[in-house]
Structure formats: structure tokens, C-alpha cells
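Chain and residue survey
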Amino acid sequence: MRRNAGEPEFHQAVHEVMESLGRVVAKNPDYLEQALIERICEPERQIIFRIPWVDDQDKVQINRGFRVQFNSALGPYKGGMRFHPSVNLGIIKFLGFEQTFKNALTGLPIGGGKGGTDFDPKGKSDGEIMRFCQSLMIELHRYLGDQTDVPAGDIGVGGREIGYMFGQYKRLTNRYESGVFTGKAIAHGGSRARTEATGFGNTYFTKAMLETRQTSFDGKRVVVSGAGNVAIHTIEKVQSFGGTVIACSDSSGYIIDDAGIDLALLQEIKTIRRKRISEYARLRGDGVHFVPVGKGSVWDLRCDVAMPSATQNELTGKDAKSLVKNGVLAVGEGANMPCTPEAIRILREAGILFGPGKAANAGGVATSALEMQQNASRDRWSFEQTEQRLAQIMKRIHDRCAETADEYGAPGDYVLGANIAGFVRVAEAMRMLGVI
Ligand code: NDP
């Protein structure tokens, strides 16, 4: 604890996994004797650096950059970069810790890492974003490589930012090493369906949970939080499965559209015009409401399925109570750790199907691993082929979590199943490598 003082999100993530491990340790005390649990909680390497850049007014600005290379027992460190003013070491450590287990659950050869910066991309010009990404890479490039550490996007980092970072990496190293980033444009070796993969993947995972209760998305009312990459493609897939997404949000508030979100309009506002969510209500007109932040929660709306897809700790115990009261059937976490521990407890105790992020949102990183595979073989798969692989991987993750939960005497408990299955894969790989 003292070693990780002032890092509440990291403590929360570790605590949640530890709560599940009692049954594993009882079966296999060697994990304690070999200090495998302690070793898994300690990142292999933490890099913190200065990012100086010049804004459009010729003023020098300073931000702080992070890369936490958490665990490489299963393969190169793999995990996104987050650009958001709330970023600090504890947040990147919690994300890297979660990522290690998530990547293990995919069954693919990738270790866990995460990075980011407290730079706020909102309101910045394209030139400022580019100069910032170039300055960040001047330091970060030393630690990356297609066999070492492979970043991708996260909050505030999409195709544009990946392009600028990859471009600077190529200049600095004089190598066209496409496998060093994932989430690239198709022209630079990006994978089809990568942009969609996290949202699609969570929808496939949640569909598999619903099937265990002989039901589906068809005709269901669904609430999705966020309006970024994960949220938009969750909405897209849920609609294709016959669900109606009646609400989504950003940090300024949420909108309610009982007829179902107009996906094309939402995408135009968010990805092209880069405007606030209230713009959706203004343009869509009658019958659509905008509720500003602080005037209620998107989780107060009656829905059958809730898919939190914005940020950590966005769904509280109070929200979980409202969802349960309103008859929610399933909650699939698109974001990383969006439900507080109290919310998870309430949902689990009420018998709600609950897909934890490290399993439910693993489709993004799984498709990133497929991108690395395509880059290594200089191959390009079609959208349909890639999505089919994604669907299979998500079904496999679902089944592995469910089977593990059964094996450890907690049927239907995906939290326990995901934590144990992820832990055992990483721990066994570490054990074979000696004391590392
Ligand atoms: P984006 O930046 O594309 O979108 C994030 C969305 O969440 C925006 O609508 C944003 O609103 C909202 N949001 C962010 N922070 C807050 C906050 N503090 N309060 C309220 N709303 C907030 O990010 P992604 O969609 O890529 O990521 C969303 C979540 O999914 C994150 O937890 C991320 O770690 C996780 N994830 C992403 C993956 C990916 O492939 N992209 C893979 C696996 C997990 P605003 O614009 O107003 O800030």
C-alpha cells in the first residue's frame, strides 16, 4: 500500500482482483509461496517524462507523459495511450493492471501495458495536436518496438493521434515498423474493424450473457454512456441486433431519444464536427431531450441493458440501485472499471448479468493483436473476416469466464471467472520463466 500511496484507482483495481483469488490460492498455495500474486501487482517498468511543446500563440506548454510496462510474461507490452487532463500515474497503473488480465483472457500472445498524458486535446488545433504527439514520441520511441511495447488508442486518442505518433516514430527510428502501433489507418497497415472492435466486442459478449437466460437484444431498451469510439460502435452493433439505444452521453450531459439514437447524426457531431452532445438534441428536434451534467444520471432511465462506455467509476452504487429497481437484465462494461465496487456488489447480489470490462471490452485489444498478426505476415483481411474472428474470440472469452466461474463454485459470476482465468494464465507463464 505504502509503495502505491495516493493511487486510489490502482488500489481499487487490485482489490477487486484479489477478492476473487482466495479460491485459487486454496487450490494452489504455490502462488503465494512463489510470491506470484505480489509480483503480478508490481509493474515491470514505469516511465514518466516531460513533454514540452509550443501552442498556436507561440507559448511553451509542458505536460507529463507516462508509460507503464506492466507485464510481458505472455508477449510484448500491449495497451493504449490516454490523453485526458485527469491522467496520473495511479490511473495508468490501474489501466495497465487491468490490461494484463484482459490480454491474457483473449488467449493471444500479448503482455499488458498502458500509457498516457495529462494533455487535454479538447479545443486544440490540428497543428497543436500534431506538435504535441511529435514531442511525446521524442521520448517514448526509445521504449517501443513491435517485439517490445505496442501502444494503441484510448480516451482522446484515435486514428489522427496514432497517425502523428507513428509518423514521428518512423522519422526517429528510420524504420517502417508497422507493428509498433495498432489502430493505424488502413493505408499504414491498420486492421479493418479495429475502430469498431471494442464496442462490437462488448455487444457480442453481452449477447452471449443474454443467451444464457434464453433472451437477446431484440426489442430491448438499451442505455449506453459516452459518445466516443466505444459508445458509437456499441450503439451500431446493438441496433443491428434489434435493440433500441435510447440514450448516450458525454462529459457535458446526456440525451434521450426514445425512437432510438440516429447513429449517422451522432457520428457526424462527434467524429467530424467534434461538438458537444447537446448539439444532437438541437439538430434532431422534437421529442429529444438534453439533460445537462449534474441534473440527473443517464442510469436513472428505464432500460433492459446498460452498457457504460465512458470512463472509470461513472456508474455508482446509487445508479446501480436505480438500474435494479427499473428491471435491468444485464450490464456490459465497455469502459475500463466504469462501475464502482459498490455498484458491482449491488448488481451481483441482485443476480443481474454483469460483464466486467476486462472480459467484455477485450475485443479492442484482441483485434489489435489481429492487426499485429496481419502486419507480421504483410497480409490484409476483409472487414467480414476480421469481425468473424472478433465474434469468435468474444464468445470464447465469455465461455472461458463462465466455465471458470462454474469450476470454482460460483456459476454465472463473470467477475470471478474473468479474474481467475486471467490470473492463472499470467501466473503460469511467469512461473515458467523463473523468478522474474
Ligand atoms: P473516447 O475519447 O473516444 O470517448 C470517451 C467518451 O467518454 C467521450 O464521450 C467522453 O466525453 C466521455 N468521457 C470521458 N471522460 C469522462 C468523464 N470523466 N466524465 C464523463 N464522460 C467522460 O474514448 P473511448 O471510447 O476510446 O474509451 C472509452 C472507455 O473505453 C475508456 O474507459 C477506455 O479505457 C475504454 N476502452 C477503450 C478501448 C478502445 O479500443 N478505444 C479498448 C478498451 C477499453 P467528453 O468528450 O465530453 O470528454
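**Observations regarding the site of the ligand**
If you check the shell around the ligand, you find 25 residues, and the closest are Asp154, Thr198, Ser251, Arg276 and Asn336. At 2.9 Å, a backbone N or O of Val230 approaches an oxygen atom of the ligand. Burial of the ligand by the protein chains amounts to 82% of its free accessible area of 890 Å². Looking at the shell around the ligand, the elements with two or more residues in it are helix 7 (194–211), helix 8 (229–240) and strand 7 (244–250). Classifying every residue of the shell around the ligand gives 5 nonpolar, 13 polar and 7 charged.

**Remarks on unusual backbone geometry**
A negative phi holds for most residues other than glycine; trans holds for most peptide bonds. Positive phi is not limited to glycine here, since Asn313 has a value of about 55°. Judged by relative accessible area, Asn313 falls into the partly exposed class, the value being 27%.

**A word on the packing of aromatic side chains**
A complete count under the given rule lists 14 aromatic pairs for this structure. Between Phe83 and Phe119 the ring centres are 6.0 Å apart and the planes differ by 90°, which places this aromatic pair in the edge-to-face class. In this pair, Phe83 sits in strand 3 (residues 77–83) while Phe119 sits in the loop between strand 4 (112–117) and helix 5 (126–140), placing the two residues 36 residues apart along the sequence. For the pair formed by Phe83 and Phe119, the shared burial category is buried. Taken together, a centroid distance of 4.9 Å and an interplanar angle of 65° make the contact between Phe97 and Phe101 edge-to-face. In this pair, Phe97 and Phe101 are both assigned in helix 4 (residues 89–105), 4 residues apart and thus about one turn of the helix distant.

**Details of the pattern of salt bridges**
Side-chain pairs of opposite charge can arise whenever the charged atoms involved come near each other. Enumeration over the complete set of coordinates arrives at 29 salt bridges. A salt bridge links Glu7 to Lys93; the shortest N-O distance between them is 2.7 Å. In this pair, Glu7 is assigned in the segment before helix 1 (8–27) and Lys93 in helix 4, connecting sequence segments 86 residues apart. You can call Glu7 buried: its relative accessible area is 9%. Its salt-bridge partner being Arg282, residue Glu279 comes within 2.9 Å of it at the nearest N-O pair. Pair noted here: Glu279 and Arg282 are both in helix 10 (residues 278–284), with a separation of 3 residues, about one helical turn. Connected via shared salt-bridge partners are Glu268, Arg273, Glu279 and Arg282.

**Here's the deal with helix 16 (residues 414–432)**
Here helix 16 spans 27 Å end to end across 19 residues, near enough to the 27 Å set by a 1.5 Å rise per residue. The element helix 16 is extensively covered by neighbouring structure, given that 14 of its 19 residues are classed as buried. N-cap assignment for helix 16: the residue whose side-chain oxygen lies 3.1 Å from the backbone N of Val415 is Asp413. One or two positions beyond helix 16, positive phi appears at Gly434, with a value near 85°.

**Focus on the packing of helix 1 against helix 16**
In the contact formed by helix 1 and helix 16, the axes pass within 9 Å of each other and the chain directions differ by 75°. Comparing the axis directions of helix 1 and helix 16 gives the class roughly perpendicular. Taken together, the residues of helix 16 that come into contact with helix 1 (itself represented by Glu16, Val17, Ser20, Leu21, Arg23 and Val24) are Val415, Leu416, Asn419, Ile420, Phe423 and Val424. The residue inventory of the contact of helix 1 with helix 16, partitioned by class, reads 8 nonpolar, 2 polar and 2 charged.

Conventions used here
Residues numbered from 1 in each chain as written. Predicted model: local features only at pLDDT ≥ 70, side-chain atom pairs only at ≥ 80, totals over all residues. Heavy atoms only, no water. Near = heavy atom within 4 Å. Polar contact = N/O pair within 3.5 Å; in protein donor to acceptor, adjacent residues only side chain to side chain. Areas by Shrake-Rupley, 256 points an atom, 1.4 Å probe, with all protein chains shown as cover. Helix = DSSP H or I, 4+ residues; strand = E, 2+ residues; numbered from the N terminus. Nonpolar A, V, L, I, M, F, W, Y, C, P; charged D, E, K, R; others polar. Buried < 20%, exposed > 50% of the residue type's maximum accessible area, 1.4 Å probe, protein only. Phe/Tyr/Trp six-rings, centres within 6.5 Å; stacked < 30°, edge-to-face > 60°. Salt bridge = Lys/Arg side-chain N within 4 Å of Asp/Glu carboxyl O. Expected span 1.5 Å × (residues − 1). Axes fitted to C-alpha atoms, helices over the stretch in contact; angles between N-to-C directions. Parallel < 35°, antiparallel > 145°, perpendicular 65-115°, else oblique. Contact = heavy atoms within 4.5 Å.

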